[in-house]
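# Descriptive structure summary
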Amino acid sequence: MGNEGDTVRVNVTIDIEGEVLQTIVRTAKEIVGRNEKGHYRIDTADLLEDLITRFVAEKGFRDYVADSGNYGFLDQS
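Now for a look at the structure at hand. (Residues numbered from 1 in each chain as written. Predicted model: local features only at pLDDT ≥ 70, side-chain atom pairs only at ≥ 80, totals over all residues. Heavy atoms only, no water.)

### Observations regarding the overall build of the protein chain
Under the convention used in this document: Helical segments are the DSSP runs of H or I of at least four residues, strand segments are the runs of E of at least two, and each set is numbered from the N terminus. Put simply, the radius of gyration uses C-alpha atoms, and a globule should come to 2.2 Å times the residue count raised to 0.38. The cut-offs for exposure are 20% and 50% of the maximum accessible area for each residue type, with area from a 1.4 Å probe on protein chains only; residues under the lower value are buried, those over the upper are exposed, and the others partly exposed.
Counting its regular elements, the protein chain contains three helices and zero strands. Along the chain direction, N to C, the helices and strands of the protein chain fall in the order α-α-α. Over its C-alpha atoms the protein chain spans a radius of gyration of 17 Å, topping by over 25% the 11 Å that the globule rule assigns to 77 residues. Seen through its principal axes, the protein chain has C-alpha atoms that stretch 55 × 35 × 20 Å. A buried classification covers 5% of the 77 residues belonging to the protein chain.

Laid out in structure tokens, this is it:
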């Protein structure tokens with residue numbers, strides 16, 4: 001994702017379908033499994049943050065925001 005010194009951490013609120021969240025939780029549970037006490041040892045909120053961060057970095061968000069055509073939803077006229 002580039003140089004860590006060039007990044008800024010932001011907290012945002014985004015809309016995600018419930019089915020997407022269910023998929024993340026289900027997949028994470030399948031991958032990490034349970035610990036000796038029967039608990040899952042993963043923080044799904046942190047996982048969601050990591051998945052979105054990687055998606056933004058890998059899918060060209062920089063180019064997306066550089067294209068003013070993607071700002072059409074701001075047109076209030």
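### Quick look at helix α1 (residues 18-32)
Note the threshold: Helix span is expected to be 1.5 Å times the residue number reduced by one. Only heavy atoms matter for contacts: two residues are in contact if any of them lie within 4.5 Å across the pair.
Its 15 residues place the ends of α1 21 Å apart at the C-alpha level, agreeing with the 21 Å of an ideal helix rising 1.5 Å per residue. Where α1 is buried, its residues meet α2 (44-58).

### Description of the packing of α1 against α2
Each pair of packed helices gets described by two things: the angle between the helix axes and the distance between those axes. What counts, and what does not: Note on definitions: angles span 0 to 180 degrees between N-to-C directions of axes, and those axes are lines fitted to C-alpha atoms, for helices only across the stretch in contact. The labels follow the angle: roughly parallel below 35 degrees, roughly antiparallel above 145, roughly perpendicular from 65 to 115, and oblique for the rest. Helix crossings get a hand from a simple test, with the near helix turned counterclockwise from the far one by less than a right angle marking a left-handed crossing and a clockwise turn marking a right-handed one. Under this grouping Gly is polar, as are all residues other than the nonpolar Ala, Val, Leu, Ile, Met, Phe, Trp, Tyr, Cys and Pro and the charged Asp, Glu, Lys and Arg.
Axis separation between α1 and α2 bottoms out at 10 Å; the angle between their running directions is 110°. As judged from the angle between their axes, α1 and α2 are roughly perpendicular. Considering only the axes of α1 and α2, their crossing is right-handed. Each of Leu21, Ile24, Val25 and Ala28 in α1 lies in contact with α2, whose residues at this interface are Thr44, Leu47, Leu48 and Leu51. Residue composition of the contact of α1 with α2, by class: seven nonpolar, one polar and no charged.

### Comments concerning the packing of aromatic side chains
Selection rule: Stacked, tilted and edge-to-face are the three classes applied to pairs of Phe, Tyr and Trp rings, where Trp contributes its six-membered ring and a pair requires centres within 6.5 Å; stacked means planes under 30 degrees apart, edge-to-face means over 60, and tilted covers the rest.
The full count for this structure, using the stated rule, is one aromatic pair. With a centroid separation of 6.2 Å and an interplanar angle of 15°, the aromatic rings of Phe61 and Tyr64 are classed as stacked. Taken together, the residues Phe61 and Tyr64, both in helix α3 (residues 61-66) and three residues apart, mark about one turn of the helix. Since its relative accessible area comes to 43%, Phe61 is described here as partly exposed.

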